[in-house]
Amino acid sequence: MSDRHTTSRDIRTIIADRVSRRGFLLGSAGGLTAVAATGFVGSLFSGAAHAQAAQSSLTFTELTRIFDQTHHVADGYKADVVAAWGDAMLAGQSAPDLRAMTAADQATRFGYNADFIAFMPLPKGSQNSDNGLLCVNNEYVSFNVMFDDLPDDGEGGAKMTAEQVAMCNAAIGHSIVEIKREGGVWSVVQDSPMNRRITLDTPMAISGPVAGHAWMKTSYDPEGRMAKGTNYNCGGGTTPWGTVLTCEEGASDTFGGDPTKSPIAAVLERYGYDGSDYYGRARFDDRFNVEKEVNEPNRFDWVVEIDPYDPASTPVKRTALGRMAHEAATTVLNKDGRVVVYMGDDDYFEYVYRFVSDAAFDPANPGSGKDILDAGTLSVARFDADGTVAWLPLVHGQGPLTAENGFADQAEVLLKTRLAADALGATPMDRPEDMETNPVTGRVYAVMTKNKKMTADKLNAVNTRPENFFGHIVEMIPPGGAGADADHTADSYGWDLFVLAGNPKETGQGATFHPATSENGWFVTPDNLTFDPKGRMFVATDGANDFDLADGIYGVDTDGPARALPKLLFAAPLGAECTGPCFTPDGTTLFISVQHPAEDSETLARATTLWPDFAEGGVPRPAVVAIQRMDGGEVAA
Ligand code: FEO
Ligand code: CA
Ligand code: CA
């Protein structure tokens with residue numbers, strides 16, 4: 001989202017200053033009020049009685065905290081690179097020349113900055129855990145460590161050549177590669193006909209209520225029904241009919257031109273457009289200039305559905321799911337067959353959303369999923385202090401969402417999703433990232449990664465700490481019962497704070513992990529989640545470098561006496577975040593993305609790490625890593 005390019009050097013100074021001041025204020029009336037206002041003090045401490053007896057159900061021996069140039073995994077496990085930026089995806093293709101890659105070459109190779117991962121078994125519909133399609137988002141490019149002399153100082157994009165910009169446009173989007181496991185080793189099937197790249201230039205259908213709307217028409221697409229490419233593909237999801245949902249997470253800094261001169265200036269302002277043209281695209285292509293191609297911004301920030309099993313298929317932008325800085329698109333098949341999608345809008349004080357399809361999906365007829373995401377109800381969450389969540393429908397004609405208030409029809413409600421949610425009184429959150437459902441309990445978890453802009457006067461029931469540099473995880477409790485009995489279509493849920501992140505020893509940070517949490521186990525800045533087949537949560541973090549800690553993967557029980565007791569499984573190298581955690585169906589491999597290694601470096605010549613190759617004069621490469629137990633058993637079982 002919008003602080004992707006904040007240098008760690010800047011934010012570290014701010015955090016060091018503010019955290020020490022907060023520690024000084026510990027015990028002041030203001031600090032105590034912030035905690036007491038949550039109404040959850042009781043639940044925070046109710047686990048304390050179990051502290052001595054608590055034992056995590058996760059069987060691995062915790063990794064000792066470490067932060068250096070390479071990655072580390074717990075004893076008894078291995079963590080192997082499966083696919084990295086530039087890897088070949090065509091029969092006979094050579095190894096990449098990372099320092100001289102053309103746009104055309106990049107468009108046939110594994111993309112940059114791996115993020116969300118889906119493992120889609122082969123054959124389709126099976127539970128095969130040894131062969132499948134690795135479907136990976138490629139969120140953005142860290143050009144400061146791809147090319148020489150292009151610092152991440154806000155000026156780098158303006159210095160890029162046309163060829164460099166084109167290469168970067170081809171490096172983002174999505175990569176689909178067939179992978180196989182033989183003898184416990186995963187490798188890419190380089191000549192698979194299923195291998196595919198999707199980039200900023202791939203044609204995409206626009207579907208749902210916004211298709212053909214006047215605001216979607218451009219010189220490239222006068223009908224407003226065929227967009228060009230996808231951008232900032234961050235989180236995602238998979239569907240019961242075997243497709244992948246990739247999330248477009250806010251295009252606001254990728255356009256040039258003056259957004260205040262646009263006919264839709266108010267909308268662009270609400271979506272954070274600043275005209276910064278961070279990647280230098282507008283200098284070479286008018287479609288990235290908001291003054292020249294005024295509707296192009298409206299064609300981003302959607303959820304895109306991809307059929308990875310059909311390499312010739314056209315991706316589809318599903319506009320019924322709303323327009324925002326989409327992070328997650330986690331799909332649940334409700335017990336009545338309706339399809340539910342949970343989504344976070346990752347920006348400061350943005351909201352948590354849910355989509356419920358009108359029609360029911362029939363698992364016996366996978367074709368019934370086609371276009372099912374085009375019709376349904378999008379809602380936004382209001383978290384009340386009494387521990388309930390109200391889902392507020394974004395439906396034209398209901399409540400304030402009328403023509404008199406600037407919403408001419410349902411298409412406008414969706415094009416201006418954030419404004420519609422504002423009008424409904426949704427709860428502003430501390431940057432909602434992933435949302436995931438525990439398959440065993442049916443509870444839904446929403447990750448608030450952090451919010452440096454939170455102030456005491458803006459706190460609410462579920463976002464409880466000013467200067468929240470640490471993040472927290474909210475537990476949402478649908479009615480109806482556990483697992484498949486949970487009703488993910490209900491108008492009202494319960495909620496609780498699962499954990500407030502931070503260092504438990506720094507009491508001023510207000511962290512609420514289980515009291516038995518070790519020195520290695522606590523985390524900050526949670527981002528993505530997944531669950532293993534037994535319903536244990538795995539958390540990927542993004543932002544720990546600001547605390548001079550490695551980002552990592554932590555396993556944590558959500559239920560039982562060890563609830564909220566995390567353990568460190570994996571540590572990423574310098575400059576990298578962990579993201580995209582994804583299990584094979586049998587739970588024996590946990591795939592993760594190691595995104596933007598060395599991104600904290602001023603320039604490539606001063607790269608803090610050349611992970612994972614460490615070749616002299618080389619280039620760091622984001623990559624997907626497979627974490628497996630040495631004996632091949634289930635991870636953490
Ligand atoms: Fe791309 Fe919300 O992290
Ligand atoms: Ca993320
Ligand atoms: Ca993030």
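It should be emphasised that the depicted structure is a prediction, and the values quoted were computed from it without experimental measurement.

The rules behind each value
Residues numbered from 1 in each chain as written. Chains lettered and ligands numbered in written order. Predicted model: local features only at pLDDT ≥ 70, side-chain atom pairs only at ≥ 80, totals over all residues. Heavy atoms only, no water. Helix = DSSP H or I, 4+ residues; strand = E, 2+ residues; numbered from the N terminus. Buried < 20%, exposed > 50% of the residue type's maximum accessible area, 1.4 Å probe, protein only. Contact = heavy atoms within 4.5 Å. Lys, Arg positive; Asp, Glu negative; His and termini not counted. Charge placed at Lys NZ, Arg CZ, Asp CG, Glu CD. Donors = N, O, S within 2.8 Å, 3.2 Å for Na, K, Ca; no water. pLDDT = per-residue confidence, 0-100. Salt bridge = Lys/Arg side-chain N within 4 Å of Asp/Glu carboxyl O. Tetrahedral: all angles 85-135°; square planar, octahedral: opposite > 155°, others 65-115°. Disulfide = S-S within 2.5 Å. Core = buried A, V, L, I, M, F, W, Y, C linked by side-chain atoms within 4.5 Å. Phe/Tyr/Trp six-rings, centres within 6.5 Å; stacked < 30°, edge-to-face > 60°. Lys NZ or Arg CZ within 6 Å of the ring centre and 35° of its normal. Pairing = 2+ DSSP bridges. Arc of directions from axis to C-beta. Axes fitted to C-alpha atoms, helices over the stretch in contact; angles between N-to-C directions. Polar contact = N/O pair within 3.5 Å; in protein donor to acceptor, adjacent residues only side chain to side chain.

(A) Spatial organisation of the overall build of the protein chain. Regarding its fold elements, the protein chain presents nine helices and 29 strands. Counting every position in the protein chain, which comprises 637 residues, the buried fraction comes to 62%. Restricting to contacts in the protein chain with at least 6 residues of sequence separation, those with at least 24 account for 66%. Of the side chains in the protein chain, 51 bear a positive and 87 a negative charge, and the two mean positions are spaced by 1 Å.

(B) Structural detail: the coordination of the calcium ion (ligand 3). Bound to the calcium ion (ligand 3) are the protein donor atoms Glu 433 (OE), Asp 527 (OD) and Asp 542 (OD), situated 2.3 to 2.4 Å from the metal. Read N to C, the donor residues that coordinate the calcium ion (ligand 3) are spaced as E-x93-D-x14-D. In this structure, the calcium ion (ligand 3) is positioned 3.5 Å from the calcium ion (ligand 2), and both are ligated by Glu 433. In this pair, Glu 433 sits in strand β19 (residues 432-437) while Asp 542 sits in the loop between β24 (537-541) and β25 (552-556), placing the two residues 109 residues apart along the sequence. Note on accessibility: Glu 433 and Asp 542 belong to one class, buried.

(C) Representation of the confidence of the model for the protein chain. Here the protein chain shows a mean pLDDT of 94. Residues at 70 or above account for 94%. Below a pLDDT of 50 lies the segment residues 24-52, which in the model reaches 24 contacts outside its immediate sequence neighbourhood of four places, other chains included.

(D) Structural context of the pattern of salt bridges. In the structure shown here, the tally under the stated rule is 39 salt bridges. Taking the shortest distance from any N to any O, the salt bridge between Lys 370 and Asp 371 comes out at 3.3 Å. Residue classification places Asp 371 among the partly exposed positions, given a relative accessible area of 35%. Taking the shortest distance from any N to any O, the salt bridge between Asp 631 and Arg 629 comes out at 2.8 Å. Asp 631 sits in the exposed class, given a relative accessible area of 55%. Several salt bridges converge on common partners, so that one network encompasses Asp 201, Asp 221, Lys 228, Asp 285, Arg 287, Glu 296 and Arg 299.

(E) Just the coordination of the calcium ion (ligand 2), in detail. Around the calcium ion (ligand 2), the protein contributes the donor atoms Glu 327 (OE), Glu 327 (OE), Glu 433 (OE), Asp 527 (OD) and Asp 527 (OD), at 2.5 to 3.1 Å from the metal centre. Around the calcium ion (ligand 2) sit six donor atoms; with metal-centred angles ranging over 44 to 128 degrees, the donor geometry is irregular. Mapping the donors of the calcium ion (ligand 2) onto the primary sequence gives the spacing E-x105-E-x93-D.

(F) Geometry of the state of the cysteines. Under the definition given, this model contains zero disulfides. Summary of cysteine pairing: Cys 135 is not part of a disulfide, and the nearest cysteine sulfur, belonging to Cys 582, is at 9.0 Å. Cys 135 gets classed as buried once you look at its relative accessible area, which sits at 0%.

(G) Just the nonpolar core, in detail. Counting residues in each nonpolar core, the largest one holds 75 residues, and the members touching the most others are Tyr 353, Val 380 and Leu 394. The residues contacting Leu 394, other than those within four sequence positions of it, are Tyr 353, Leu 378, Ser 379, Val 380, Leu 401, Gln 410, Val 413, Thr 417, Ala 420, Ala 421 and Leu 424. In terms of nonpolar packing, the next biggest core, distinct from the first, is built from 28 residues, Ile 473, Trp 522, Val 539 and Ala 564 among them.

(H) Up close: the packing of aromatic side chains. Under the counting rule described, the total for this entry stands at 25 aromatic pairs. Residues Trp 241 and Phe 361 carry aromatic rings whose centres are separated by 5.3 Å and whose planes lie at 50 degrees to one another, so their mutual orientation is tilted. With Trp 241 in the loop between β10 (233-238) and β11 (244-248) and Phe 361 in the loop between β16 (352-360) and β17 (376-383), this residue pair connects regions lying 120 residues apart in the sequence. Grouping residues by exposure puts Trp 241 and Phe 361 together as buried. Site record: aromatic cluster; members linked through ring pairs are Tyr 140, Phe 143, Tyr 232, Tyr 278 and Tyr 279. Across the ring face of Phe 407, the terminal group of Lys 416 is positioned such that the distance to the ring centre comes to 5.2 Å.

(I) Representation of the pairing of strand β23 (residues 526-531) in the model. Taken across its six residues, β23 has six buried, putting it largely inside the fold. The pairing of β23 with β24 spans five bridges and is classified as antiparallel. For Leu 529, the partnering residue across the bridge sits in β24 and is Val 539.

(J) Layout of the pairing of β10. In terms of residue burial, β10 counts as a mostly covered element, since five of its six residues are buried. Pairing geometry for β10 and β11, over four bridges, is antiparallel. The residue of β11 that forms the bridge with Thr 238 is Val 244. Between β10 and the antiparallel strand that follows it, β11, lie five residues; Gly 242 among them carries a positive phi value of about 85 degrees.

(K) Layout of helix α9 (residues 417-424). Buried within α9 we find Thr 417, Arg 418, Ala 420, Ala 421 and Leu 424. One face of α9 carries all of its buried residues, which in axial projection span an arc of 160 degrees. Summarising the contacts, the buried residues of α9 are in contact with α7 (265-270), β16, β17, β18 (388-393) and α8 (410-415). Just downstream of α9 lies Gly 425, where phi reads positive at about 80 degrees.

(L) Focus on the sheet that holds β10. Pairing is mixed across the open sheet formed by six strands, whose spatial order is β9-β8-β13-β12-β11-β10. The sheet is open, and its two borders are formed by β9 (226-228) and β10, each paired with just one other strand. The sheet shows a mean angle of 35 degrees between the axes of neighbouring strands, taken without regard to direction.

(M) Representation of the sheet that holds strand β2 (residues 77-84) in the model. Pairing is antiparallel across the open sheet formed by four strands, whose spatial order is β2-β29-β28-β27. The open sheet has two free edges, formed respectively by β2 and β27 (577-583), since each of these has just one partner strand. Recorded for the sheet is a direction-independent mean angle of 25 degrees between the axes of neighbouring strands. Relative to strand β28 (residues 589-595), β27 runs antiparallel, the two being bridged by five bridges. Looking across to β28, one finds that Glu 577 is bridged to Gln 595.

(N) Here's a closer look at helix α6 (residues 162-171). With seven of ten residues buried, α6 lies mostly within the body of the structure. Taken residue by residue, α6 has Gln 164, Val 165, Met 167, Cys 168, Asn 169, Ala 170 and Ala 171 as its buried positions. Of the surrounding secondary structure, the elements contacted by the buried residues of α6 are α4 (103-106), β4 (131-138), α5 (156-159) and β7 (196-198). At the C-terminal side of α6, Gly 173 shows a positive phi close to 115 degrees.

(O) Representation of the environment of Ser 276. Tracing the chain through its elements places Ser 276 in the loop between α7 and β12 (303-306). The class for Ser 276 is partly exposed, based on a relative accessible area of 35%. Sequence spacing of Ser 276 and Pro 581 is 305 residues, and the spatial spacing of their C-alpha atoms is 31 Å. If near-sequence neighbours (up to four positions away) are discounted, Ser 276 is found in contact with Asp 253 and Phe 255. Engagement of the side chain of Ser 276 in a polar contact is seen with the side chain of Asp 274, the distance being 2.8 Å.

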